[in-house]
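Take a look at the letters that make up each chain.
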Amino acid sequence: MEQPISFPSSLHVPAGVESGRNEAHSSGVSWAAVAAGAFAAAALSLALLALGTGIGFSAVSPWANDGASASAIGWTAIGWLVLMQIIASSVGGYLAGRLRTKWVNVHTHEVYFRDTAHGFLVWALCLVITGAFLTSAAASMIGGAERAGAAAVNGSGQGQSRPNGYLVDTLLRATPSRPDQGNATHAEVALIFANALREGSIPSADRTYLAKVVAEKTGTSEAESQRRVDDTFARAQQTADTARKAIAHSMYWTFLALLIGAFVATFAATIGGKQRDRVPVV
């Protein structure tokens, strides 16, 4: 009969591990360090964003041939966004790695992975905090703009704050000018253009109706009125397409900047963690 295997009573059990268990009491994530790094990174991001906005407004001028061009402003904004992510993410990740709890009896590879995870968590939490703040600020600004626009419409009756207001006014501009017959026509034409932009073309019935309205409003011939309608709609399409491409490109660069921020945060956390473990015990 085989004899049972006996272990010496002096078998060493690592600190923090109970007999019969292979898990420690403490978690592998130091949430206090993650939160500290995330709040520091979010504060730096907002401060750098304010600085970049001030620099951008200083470089823009309403006068022709004065100040930076739109292309230069766009590329500068992209570069500033990347730089902002590098600075804020590196500081937040380093703080999380330096302030986290020192793990004992853990393999070096596991420590490296945990530091990397701490940096990524700092970046993610910072992104959530910054996004929530910016969304709240944007909602407040949009609400104020809507109230101001409503006040302008109710006060003056013009309603020029609509997106296609300028194009509609250009379409209905008379030569020579005629007294305005009311703003209901402008609103109706704006709705027709908005529907046509959604569908991609002006329905034939709407095109005929717009030509009649333009002819009545401006005193031009029917052919000239139809040409005005087509030219104005083409300009509206070009404006919408330009805005769409600009938004798409800005989202691509924002995604790239955020990826750079995630990488920098994880790398900085590993540096901070290494320096934290090298601190001698006094």
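Residues numbered from 1 in each chain as written. Predicted model: local features only at pLDDT ≥ 70, side-chain atom pairs only at ≥ 80, totals over all residues. Heavy atoms only, no water.

(A) Geometry of the packing of helix H1 (residues 31-59) against helix H2 (residues 70-99). In the contact formed by H1 and H2, the axes pass within 8 Å of each other and the chain directions differ by 160 degrees. On the basis of their axis angle, the class for H1 and H2 is roughly antiparallel. Two packed elements cross with a definite hand, and for H1 against H2 that hand is right-handed. (Axes fitted to C-alpha atoms, helices over the stretch in contact; angles between N-to-C directions. Helix = DSSP H or I, 4+ residues; strand = E, 2+ residues; numbered from the N terminus. Parallel < 35°, antiparallel > 145°, perpendicular 65-115°, else oblique. Left-handed = near helix turned anticlockwise from the far one by under 90°.)

(B) Focus on the side chain of Thr-218. Mapped onto the elements, Thr-218 comes out in helix H6 (residues 204-218). At 3.0 Å, the side chain of Thr-218 forms a polar contact with the side chain of Thr-220. (Polar contact = N/O pair within 3.5 Å; in protein donor to acceptor, adjacent residues only side chain to side chain.)

(C) Examining the environment of Ala-268 more closely. Assignment of secondary structure puts Ala-268 in helix H7 (residues 222-278). Overall, the relative accessible area of 8% leaves Ala-268 in the buried class. In the structure, Ala-268 is positioned 150 residues away from His-118 in sequence and 10.0 Å away in space, judged by C-alpha atoms. For Ala-268, the contacting residues outside a window of four places in its chain are Ser-90, Gly-93 and Tyr-94. (Buried < 20%, exposed > 50% of the residue type's maximum accessible area, 1.4 Å probe, protein only. Contact = heavy atoms within 4.5 Å.)

(D) Focus on the pattern of salt bridges. Taken as a whole and judged by the stated rule, the model has eight salt bridges. When the shortest N-O distance is used, the salt bridge between Glu-224 and Arg-227 registers 2.4 Å. On the criterion of helical spacing, the pair formed by Glu-224 and Arg-227 is a turn pair, its members being three residues apart in helix H7. Exposure remark for Arg-227: the relative accessible area of 43% places this residue in the partly exposed category. (Salt bridge = Lys/Arg side-chain N within 4 Å of Asp/Glu carboxyl O.)

(E) Examining the confidence of the model for the protein more closely. The predicted model of the protein averages 78 in pLDDT, with 70% of residues at 70 or higher. Counting contacts from residues 15-20, a segment whose pLDDT is below 50, to residues more than four positions away or on other chains yields seven contacts. Contacts from residues 148-161, a stretch scored under 50 in pLDDT, to residues over four places away or in other chains number eight contacts. (pLDDT = per-residue confidence, 0-100.)

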